[in-house]
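# Report on the structure
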Amino acid sequence: MITSIKYIWVYLYISFFLSMLLFSYGFFPLSYTSTNKSSLFELPNSLDNTRLNTGSYKSKYSRIILMVVDAMRSDFVVEEKMPFLSRSIASGVACQYRLQVHPPTVTMPRIKAITSGSIPSFLDVIFNLGSSKSNLDTFLYQMVQQHQRIVFYGDDTWTNMFPETFYRQGENVDSLFVNDFYNGDKNITKSMRSELYNNDWELMILHYLGLDHIGHVEGPYSEKVPPKLKEMDNVVVEIVESMKIRDKTNTTPSLLLITADHGMRDSGGHGGSTIPETNVPLLVFGNNCSRSDDLFMQIDMAPTLAAILGVAIPHSSIGSLIEPLLSDFSSIDKAYVSYYNTKRLIEKVQLFSDDNVREHDFFLQYKEAKLLHTIFLERGEDPTIVSKAIKKYAAVSRNLSALLIKSYIKYDEFSMLIGICLGVLTSALSFMLIFLPQYVYEVDIRFKVVPGVIIFTSLYCFKYVIYELMAIQQNSNAYHLVFVHLLLFVHWSIFRSIASVIKKDSVPVHKTTLCVVCLMLGFLFHMISSCSSSFIEEEHQIWYYFCNTLFVLMILVEIRKINQIIEKVKLSGKENKTFLKNFWRERQEFCIKSILFLCSHIVLRRWNQTGDKWQHVTDIGDWLSREERKGWLSVVFLVGLSHTVFAIGQLAGVLTTVLSAVACLIIYYYRLMTGFVCAFGIIPAKTNSYLSIFWINLLVIFAISFLPKIYYKIIGKTKKQSSTMITSAIAVSALLSMLVHKPHNVVMVAALLFSSRYLIARIDNIAENKSENLLLKIGSHIWLGRLFYFYQGNSNNLATIDLNAGYVGLSSFSFYRVGFFLFFNTYHGQILSFIMLLYYLDNIHQHKFTNRIAQIEQSNKVITNWLLKLFNLANTTPLVFYVIVVAIMRNHIFVWTVFSPKLIYDCVYMTLTMIQLLTVIYFF
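Residues numbered from 1 in each chain as written. Predicted model: local features only at pLDDT ≥ 70, side-chain atom pairs only at ≥ 80, totals over all residues. Heavy atoms only, no water.

Right, let's talk about the sheet that holds strand E9 (residues 254–259) for a bit. Strands sit in the order E7-E6-E8-E4-E9-E10-E5-E11 across an open sheet of 8 strands; the sheet is mixed. The strands lining the two open edges of the sheet, one partner per strand, are strand E7 (168–172) and strand E11 (295–297). Strand-to-strand, the axes of this sheet are offset by a mean angle of 20 degrees, without reference to chain direction. Sheet topology note: the strand E6 (residues 150–155)/strand E8 (residues 203–208) ladder contains 5 bridges and is parallel. Residue pairing in the sheet places Val151 in a bridge with Met204 of E8. Of the strands in this sheet, strand E5 (94–100), E9 and strand E10 (279–285) are in contact with helix H2 (residues 83–91), which crosses E10 at around 70 degrees. Sitting on the sheet, helix H9 (residues 225–247) touches strand E4 (63–69), E8, E9 and E10, and the angle it makes with E9 is about 165 degrees. (Pairing = 2+ DSSP bridges. Helix = DSSP H or I, 4+ residues; strand = E, 2+ residues; numbered from the N terminus. Axes fitted to C-alpha atoms, helices over the stretch in contact; angles between N-to-C directions. Contact = heavy atoms within 4.5 Å.)

Given below as structure tokens:
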């Protein structure tokens, strides 16, 4: 079967994409926990041979209020921001404890942890945008089973996860709409006030979102944060006063718990593992709580709340008890609850651990605790005995929790291994394709039955050895093996065909220049650096260093060429002073432009601090975003818009330029309306209707070029219009980027367009042959996309995703629109640099080269093959190396906080690259 090389490249990239999906299937299990439910019938009624009283296991409070303030950090509870809470803690009326949150620090998995006491899946960070029903056992489910009533007001994530659970509810319909700072919280407070007078519920849950939304949009140091915290402080005052009045007429007291689902990083947002994100407070009013400096886990809340409510501890809970919260329990009841939870954890460890539990030190402590507990029950004389038993139970349960947290992570190692092997083979085959001569556009692929049977048999033998003899975890089914077999069979057939062609034809070897060596070393060092968690956190430093090194090299090479020309003119004996003067002036102008170019990139790298070590340092973006600098921000914003229009005008026609200018005016008006920029004191009315003109502009720019192309494609005619299509794509991408970017980041769009133009000019001047020219253009634009990805403030931390970009121009939450805006805003550097690359590759025929096979190399097929070749290798080789590293490091302490987020980012970027390459194949 005669097959075009470009389709083989596409097949290999799709195969690699599928191999990464298979690896991710094994590495990211969707759930670590059981859906079994506990029951009060499971309460222990004896301690060895001593009878226990289960009748005392009941709620000690008439009703409980759980108040969740989304993204409230521990350092927010201070006198200046929350005076009532601070004074209450200082006077001993309330107690404050520290809770440790496990990543990912986003709302949905954190609610799972609070209610079930389990460690959620890491992929819950993705499902957070569309929370579905949870089947886990929770203290909410246990309350419903005991006919206890729960009322809820706040984040609709709760009502999506626990439908038909709440007796009354009032959820925020647009909880993910981050521009709502006040209305949602006011509705919650209004409902809370009416519920305080009702006597038909045992638990009320309030989940306030305003603070989190302010953090996403403006960060923790926004001037809106202190008033919001004061508002939350006033809510606590109302609840506490209501509790005092009620407790005067009730024999059993009320209890108020205030906590956060997660914290907030210093730059705003959350999702990572920094201390401000993972340390949250737990504040308690209404019981005789005791102070404690211990650090508790957030998962400890589930068993503690279950004990306080008098319901069964959730089956999936692996948390310990927060012992200071049990101060209202008698010694005998506290010992019983401690024994109940520790016994559960011992049984769980016996299920999950392959070791003999009885040989561990904590089991000996457990036996000592039971012995002390038994002595106290039989004699009941010395209270210090039961106190010692409770402390030993607490120590044992903490050790058991730590052990269970590690053992709950289960991998499908067989799927991981098959995914890695398939990825390595695909990457090796891609590397082999490089050695095909450039004039070979097609190969004859022949499929034979015998190799297919051998591969199929070998695969099943491999599965038997790995799974049966080595006892590796696997959840794969037969469909996976059939799918892998088909891919390997096609791989083998392609390998045979390519090997036969390479034997016949030798590959031309070109001289390797310094710039090409820099590209290769940069790719190699970036790939190897993924072995280090510190390099992953500070990956931007790698791109900053190698990109600027490449820029300097290109400039120096061109200066050397200019100097060589001047020397040749001098040595020729026909010295022309006017001619030399022009060259000297050209060199001087070039040096000035190059210095300005390098200085601009020095400024851009300080525009947004990213990574982990220096993220807290104030950057130019922070300086511009302050309220008192709104005038400067307006100037920078206007400069970014105008320069982008100018850059589009250099590439596109008059109509596209005019439409782009109108769109930029609308963008400025939108930011003026939202209060980010100013214009002579003008405050326009708040409406999104004018954005319709913006979308119409984009549609017209699209229609100018794409509709004729689609029409000719449908009717089967060939007509070259790719250049117009690409310029329209550049204009649409640039305008959309400026709309969703933060105002101070709009200059990034213009900077990328001018940087691309500058690099292309340098490459055309220094490249000696077409192959080097193509290699430098494609490689430098891959780097340019990554460079501006980090310039924008992105990193390998999920918390750096700018959620506010998803809601630009929207008045309510829309999953697909928000998802598209977030994706486009995050990867705009890679998208725009790729389109700019297409534009210059499409116009490559305008340049002449000295290579003797120039006529062959001018072919579009060669350009397409180079594009597919380099993008394939630049993505597949580092990623397959990285998944091997991740598989080896799967038990590393930072696997979920550092390695896994980067894997998600890289897989999404791989998907983007695949879409880009398929678009090139179809349209260009």
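Attention now moves to the state of the cysteines. Under the defined criterion, the tally for this structure stands at 1 disulfide. Across a sulfur-sulfur distance of 2.0 Å, Cys95 and Cys289 are joined as a disulfide pair. The disulfide joining Cys95 to Cys289 has a torsion of about 90 degrees about its S-S bond and is therefore right-handed. Here Cys289 lies in the loop between E10 and E11 and Cys95 lies in strand E5, a separation of 194 residues in the sequence. Accessibility expressed as a relative area gives 4% for Cys95, which makes it buried. Note on Cys289: relative accessible area 13%, which makes it buried. (Disulfide = S-S within 2.5 Å. Buried < 20%, exposed > 50% of the residue type's maximum accessible area, 1.4 Å probe, protein only.)

Buried together is how nonpolar side chains tend to be arranged in soluble globular proteins. Counting residues in each nonpolar core, the largest one holds 169 residues, and the members touching the most others are Phe23, Phe27, Phe694, Ile730, Ile778, Leu867 and Leu903. Once residues within four sequence positions are removed from consideration, Ile778 is found in contact with Leu837, Leu841, Trp866, Leu867, Leu870 and Phe871. Within the second largest apolar cluster, 109 residues are counted, among which are Ala94, Met243, Leu305 and Phe363. (Core = buried A, V, L, I, M, F, W, Y, C linked by side-chain atoms within 4.5 Å.)

So, about the packing of aromatic side chains. Evaluation of the coordinates by the stated rule reveals 35 aromatic pairs. Pairing Tyr97 with Phe296 gives two aromatic rings, centres 6.2 Å apart and planes at 90 degrees, and the pair type is edge-to-face. A residue pair is termed long-range when its members are at least 10 positions apart, and Tyr97 in strand E5 and Phe296 in strand E11 qualify at 199 residues. The two residues Tyr97 and Phe296 agree in class, both being buried. Where Phe788 meets Tyr791, the ring centres are 5.1 Å apart and the plane angle is 80 degrees; that geometry is what we call edge-to-face. With Phe788 and Tyr791 both in helix H28 (residues 770–791) and 3 residues apart, this pair spans about one turn of that helix. Chaining the aromatic ring pairs together yields one cluster made of Phe523, Phe525, Phe535, Trp543, Tyr545, Phe546 and Trp783. In this structure, Arg671 packs its charged tip against the face of Phe676, placed 5.3 Å from the ring centre. (Phe/Tyr/Trp six-rings, centres within 6.5 Å; stacked < 30°, edge-to-face > 60°. Lys NZ or Arg CZ within 6 Å of the ring centre and 35° of its normal.)

Keep in mind these numbers describe shape, not what the thing actually does.
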